[in-house]
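# Topology and contacts: notes
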Amino acid sequence: MSLCSNNSSDVLITNATIVNPSVDGSWRIGDGESILIKDGLIREIRQQGSLKAQDDQNVTVVDVAGRFVTPGLIDCHTHLIYAGNRATEFADRIVGKSYQEILENGGGILSTVEETRRAPIDRLHELASTRLERMTRFGLTTVEVKSGYGLNLETETKMLKVARLLDGPRARVISTFLGAHSLPTEFHGDKVRYMDYLVNEVLPKLTDMNLVDIVDGFCDQVAFSANELLPYFERAKSMGLPIRVHLDQLGDTDSFNAFSHLAPISVDHLEYINDRSIESMAQGNTVAVLVPTASYFLKQQQKPPVEKLRYYGIPLALATDHNPGTSPVESLLLAMNMGCVLFGLTPSEALSGVTINAAHALGVSDRGRVDCGMLGDLAIWDVTDPVELSYYMGHTPLWARVVGGMVFRDDSSSR
Ligand code: NIG
Ligand code: FE
């Protein structure tokens, strides 16, 4: 996408139809408003005509001609940095092998670990940067990026350095350490010793280098149990880092209770989460992050209990979970579509899921709504109804993105 505002980040968006999502999955649609972004933040939102910037030479005026304007989209769960792909594994699964079987035989995550360990940092950066560029075409302005294909200090460091390099004017990147993704072969089945290594060696060194914003772990039958993960999460918490958990994707671990004292900012996947775990979640502020594209790609029949999560008022977020094994998707809009079709979310819930609730799943409250004081991150759409954001499959109706007041458009000549 090309940059098309002047290099000042001060911009006045006029004739906007603002679609503002809420935590409860509803939205409010405005009419003919102007949005003033100065120094990267939304400073004023007014009815058309009452906000004028003509006297201020440094403010770029962008007339969006009544288009729908949402907060910039937030993909709150991705594994964007890796080398290679897993197309062969996909072909094997299509003819009947299961994800679990492939993983247990040294394939799956571990095959991506091998390729990622071998890849030079520049190559990893180039690959991830190209993916990120494509993801922005669907309105994304913030993305969370996990490590977890290194599983040793050297490669986890390399991945998280790439994540920091990706953060920039085009998109904001939040970095998550996912050392507890899978057990590397050199630990010969010794999960306790691996956790010890992560807790005492890897995590402290990565945090010393300021490479970690959040800590994540994979709690599932094919990965780690709650007991194995607890020392890892407790250490992260004691360092002031928020935690998230890949939970109950492939089976019910009945373990939310074990983590509740650590107040996870999100738990993700949840196909098999049980009632007890949901009731325990409802006591706190944990966001449920749903990943319909991974569910589709693994042909899972078991769906997350959306009705129950809704009943308990648990905020619902949606993410692509972009990764080479279970979700090689780059479109957050397709995740919205599948969230509606496969999981029964409404289009307004889907929008909340990739904006305000995605922000909360990342522990940030400075984005995800179009409000004064929020970051100046917007997506502007060529649609006649915001429901269309969840409707198209493959097509992107994005007209422009705004990141911190900088306007990006594919075709800058048409402005
Ligand atoms: O979120 N569940 C664990 N991690 C990824 C899959 C990673 C992989 O298969 O490479 C996920 O689906
Ligand atoms: Fe994931």
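Residues numbered from 1 in each chain as written. Chains lettered and ligands numbered in written order. Predicted model: local features only at pLDDT ≥ 70, side-chain atom pairs only at ≥ 80, totals over all residues. Heavy atoms only, no water.

### Focus: the site of ligand 1
The criterion, for reference: Here a residue counts as near a molecule or strand whenever at least one of its heavy atoms sits within 4 Å of it. Whenever two N or O atoms come within 3.5 Å, that pair is a polar contact, provided that in protein one can donate a hydrogen and the other can accept it, and provided that, for residues adjacent in sequence, both atoms are side-chain atoms. To measure how exposed things are, a 1.4 Å probe is used in the Shrake-Rupley method; for residues, cover is taken only from the protein chains shown. Both cavities and pockets are sets of points on a 1 Å grid over the protein atoms alone; in a cavity a 1.4 Å probe fits but cannot get out, in a pocket the set is open with protein on both sides within 12 Å along at least five of seven lines, and lining residues sit with an atom within 4 Å of a point. Occupancy of a cavity or pocket is assigned to a molecule whenever over half of its atoms lie within 2 Å of that pocket's grid points. Any residue outside Ala, Val, Leu, Ile, Met, Phe, Trp, Tyr, Cys, Pro, Asp, Glu, Lys and Arg is labelled polar, Gly included; the first ten of those are nonpolar and the last four are charged.
By nearness alone, 15 residues border ligand 1, and Arg86, Tyr99, Tyr149, Gln249 and Thr326 come closest of all. Within the side chain of His181, a nitrogen or oxygen atom sits 2.8 Å from a nitrogen atom of ligand 1. Here Asp321 contributes a side-chain N or O atom positioned 2.8 Å from an oxygen atom of ligand 1. Against a free-state accessible area of 320 Å², the protein chains account for coverage of 100% of ligand 1. Spatially, ligand 1 is embedded in the largest cavity. Partitioning the shell around ligand 1 into residue classes produces four nonpolar, nine polar and two charged.

### Notes on the packing of aromatic side chains
Let me state the cut-off plainly: For Phe, Tyr and Trp, rings pair up if their centres lie within 6.5 Å, where Trp contributes its six-membered ring, and each pair is then called stacked (planes under 30 degrees apart), edge-to-face (over 60) or tilted (otherwise). Each residue is placed in one exposure class: buried if its accessible area under a 1.4 Å probe, protein chains only, is under 20% of its type's maximum, exposed if it is over 50%, and partly exposed if it falls in between. Either the NZ atom of lysine or the CZ atom of arginine qualifies as a charge over a ring when it sits within 6 Å of the ring centre and within 35 degrees of the ring normal.
Counted by the stated rule, this structure contains 11 aromatic pairs. Relative to Tyr194, the ring of Phe187 lies with its centre 5.0 Å away and its plane at 65 degrees, an arrangement referred to as edge-to-face. Considered together, Phe187 and Tyr194 belong to a single accessibility category, that of buried residues. Relative to Phe233, the ring of Tyr232 lies with its centre 5.3 Å away and its plane at 50 degrees, an arrangement referred to as tilted. Take Tyr232: its relative accessible area is 0%, and that puts it in the buried class. Its guanidinium or amino end placed over the ring of Phe408, Arg401 lies 5.0 Å from that ring's centre, counting from NZ or CZ.

### Comments concerning the sheet that holds strand E9 (residues 140–146)
Sheets are built from strands that pair by backbone hydrogen bonding, the pairs being arranged parallel or antiparallel. Selection rule: In this analysis, strands are considered paired if DSSP registers two or more bridges between them. The secondary structure listing takes helices from DSSP runs of H or I that are at least 4 residues long and strands from runs of E that are at least 2 residues long, numbered from the N terminus. Angles run from 0 to 180 degrees between N-to-C directions of axes, and those axes are lines fitted to C-alpha atoms, restricted for helices to the stretch in contact.
One open sheet holds the eight strands; their spatial order is E8-E9-E10-E11-E12-E13-E14-E15, and the pairing between them is parallel. Only two strands of the sheet have a single neighbouring strand rather than two, namely strand E8 (73–75) and strand E15 (316–318). Shown here is a sheet whose adjacent strand axes are inclined to one another by a mean of 25 degrees, direction ignored. With three bridges connecting them, strand E14 (residues 287–290) and E15 associate as parallel partners. Bridging from a neighbouring strand, Ala288 pairs with Leu316 of E15.

### Structural notes on the side chain of Ser147
Cut-off, in case you're wondering: Here, residues are in contact when the closest pair of their heavy atoms is within 4.5 Å.
Structurally, the position occupied by Ser147 is in the loop between E9 and helix H5 (153–166). A polar side-chain atom of Ser147 sits 2.5 Å from a polar atom in the side chain of Glu156. Here Leu178 takes part through its backbone nitrogen, which lies 2.9 Å from a polar atom of the side chain of Ser147. Look past the residues within four positions of Ser147 in its chain and what remains in contact with it is His79, Glu156, Met159, Leu160, Thr176, Phe177, Leu178 and Gly179.

### What to know about the domain arrangement of the chain
Where we set the bar: Domain delimitation follows an automatic or database domain assignment. As used here, buried area is the combined drop in accessible area, with a 1.4 Å probe, of two parts when they are placed together. Any carboxyl oxygen of Asp or Glu that lies within 4 Å of a side-chain nitrogen of Lys or Arg is treated as forming a salt bridge with it.
What the domain assignment reports for the chain is domain 1 (2–71 + 368–413) and domain 2 (74–361). Once you take the C-alpha centre of each, domain 1 and domain 2 turn out to be 30 Å apart. Between domain 1 and domain 2, the contact holds 32 residues from the first and 28 residues from the second. Taken together, the two surfaces of domain 1 and domain 2 that pack against each other cover about 2,300 Å², and 64% of this comes from carbon and sulfur. Contact with domain 2 buries surface across domain 1, with Val23, Ser390 and Arg401 losing the most and accounting together for 25% of the total. Where domain 1 meets domain 2, there are one salt bridge. The partner of Asp377 in a salt bridge is Arg172, and the shortest N-O contact between them spans 2.6 Å. Run the count over domain 1 and domain 2 and you get 11 residue pairs in polar contact (both at pLDDT 80 or more). Residue assignment for the side of domain 1 that touches domain 2 shows that the elements contributing at least two residues are strand E2 (11–21), strand E7 (68–71), strand E16 (378–381) and strand E17 (398–403). Sorting elements by how many residues they give to the side of domain 1 that touches domain 2 places E17 first, with four residues. In the side of domain 1 that touches domain 2, the residues fall into 19 nonpolar, 10 polar and three charged.

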